[in-house]
Amino acid sequence: MTAGFQLGVIGSLTLSVASSVAIVICNKALISTLGFPFATTLTSWHLMVTFCTLHVAQRLRFFEAKAIDGQTVVLFGLLNGTSIGLLNLSLGFNSIGFYQMTKLAIIPFTVLLETIFLKKRFSETIKFSLLVLLLGVGIASVTDLKLNFLGSVLSGLAIATTCVGQILTNTIQRKLKVSSTQLLYQSAPYQAAILFATGPFVDQLLTDRSVFAHKYTFPVVGFIVMSCLIAVSVNFSTFLVIGTTSPVTYQVLGHLKTCLVLSFGYTLLHDPFTWRNILGILVAIFGMALYSYFSVREGKKQKCVGDALPVSQVRTHDPIRIQECSSSSSELSLYMHPLDSSDPMFLPADAGQGDGAAACVGQGRR
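This report concerns the structure included in the present document. (Residues numbered from 1 in each chain as written. Predicted model: local features only at pLDDT ≥ 70, side-chain atom pairs only at ≥ 80, totals over all residues. Heavy atoms only, no water.)

## Remarks on the overall build of the protein
- When you go through the protein residue by residue, the secondary structure sums to 12 helices and 0 strands.
- The linear arrangement of helices and strands in the protein, starting from the amino end, is α-α-α-α-α-α-α-α-α-α-α-α.
- Counting the 366 residues in the protein, one finds 55% classified as buried.
- Accessible area of the protein: about 15,600 Å², with a carbon and sulfur share of 70%. (Helix = DSSP H or I, 4+ residues; strand = E, 2+ residues; numbered from the N terminus. Buried < 20%, exposed > 50% of the residue type's maximum accessible area, 1.4 Å probe, protein only. Areas by Shrake-Rupley, 256 points an atom, 1.4 Å probe, with all protein chains shown as cover.)

## Overview of the pattern of salt bridges
- Considering all chains together, one arrives at 2 salt bridges under this definition.
- Taking the shortest distance from any N to any O, the salt bridge between E114 and K120 comes out at 3.4 Å.
- With a relative accessible area of 0%, E114 lands in the buried category.
- You can call K120 buried: its relative accessible area is 10%.
- Between K127 and E124 there is a salt bridge whose closest N-O contact spans 3.9 Å. Taken together, the positions of K127 and E124, both in helix 6 (residues 124-141) and 3 residues apart, correspond to about one turn of that helix.
- Owing to a relative accessible area of 60%, E124 belongs among the exposed residues under this scheme. (Salt bridge = Lys/Arg side-chain N within 4 Å of Asp/Glu carboxyl O.)

## Some remarks on helix 6
- Helix length check: helix 6 (18 residues) gives 26 Å between terminal C-alpha atoms against 26 Å at 1.5 Å per residue, within 8%.
- Regarding helix 6, the residues found buried are I126, S129, L130, V132, L133, L134, G136, V137, G138, A140 and S141. (Expected span 1.5 Å × (residues − 1).)

## Thoughts on the packing of aromatic side chains
- Applying the stated rule across the entire model yields 7 aromatic pairs.
- Where F36 meets F38, the ring centres are 5.1 Å apart and the plane angle is 85 degrees; that geometry is what we call edge-to-face.
- Relative accessible area serves as the criterion here: at 1%, F36 is assigned to the buried category.
- When the centroid spacing of 6.2 Å and the interplanar angle of 35 degrees are considered together, the rings of F36 and W45 count as tilted. (Phe/Tyr/Trp six-rings, centres within 6.5 Å; stacked < 30°, edge-to-face > 60°.)

Below you can see the structure in the form of structure tokens.
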């Protein structure tokens, strides 16, 4: 791995964390303080503004648009848009605790899918570090696990679409040799379209209020505009992180955001905080440190093996070429999900411990 590439990865991870925490602050104020609970519709606006921004950048020749197979882009965009809607529905029809468990389940299911379908290998040390991470986040954020059939079905569908969407984000960039900017530019209109068409209905189902009947005061409009502008950075960094590292690393990064959001809520917003939260965060940070250490160590080991093997053998070893090894040396320890779906775009209005571009619309149906 070159020094320039490693700096690029560190920069993308930093941008992802900073922008996600910023949008959490903005959206918590928008949803909790200003009473604008229409999360799915807001996410469609995020994606529309992202596309418009990228279109202007492309016209100004900041990047070159690259044609991608139309069917691939449409299906990819619709899948990611559906994932966001399902995550919102999962939150609406489940308790916050069960929703957090849904988010935690994304990592093991991603590992399972990559192992089965992409023949990717994860060492026992990597699996152990991920287990420690998930245990810590679970201790810190999971409160109750009330189940209901519809909510469980929605959660299962949300997990499946999120995992597949994030794996495809990585695979498309690697296989078709397109940048994160090019892929986001091509797919954002389709993601925005499905959410723009279904968002008002999903939001009304979850909140019993209409986005069209809401009173749009100057502060509400101001925070919506600010949220959309920050979302450009969130969406861009999401594709960038997954493209330069892996879907699993992006999920690990997301759980770091969860810990940061919990800490932020306690220190600045005075949200309720217990020793259980503190213990969970410390365990999660320890898990992230283990993941970082083992990833870098195995990346260096794999690089040495790759240098020693003929090119033909290296390619046979990993024909998909999703990564250079089971855990790239560029994967640093770092929530939660996709254009969120797994970015903490929204927080529960009353709990201060939610995440994901899956937005929070309250406590959910318990």
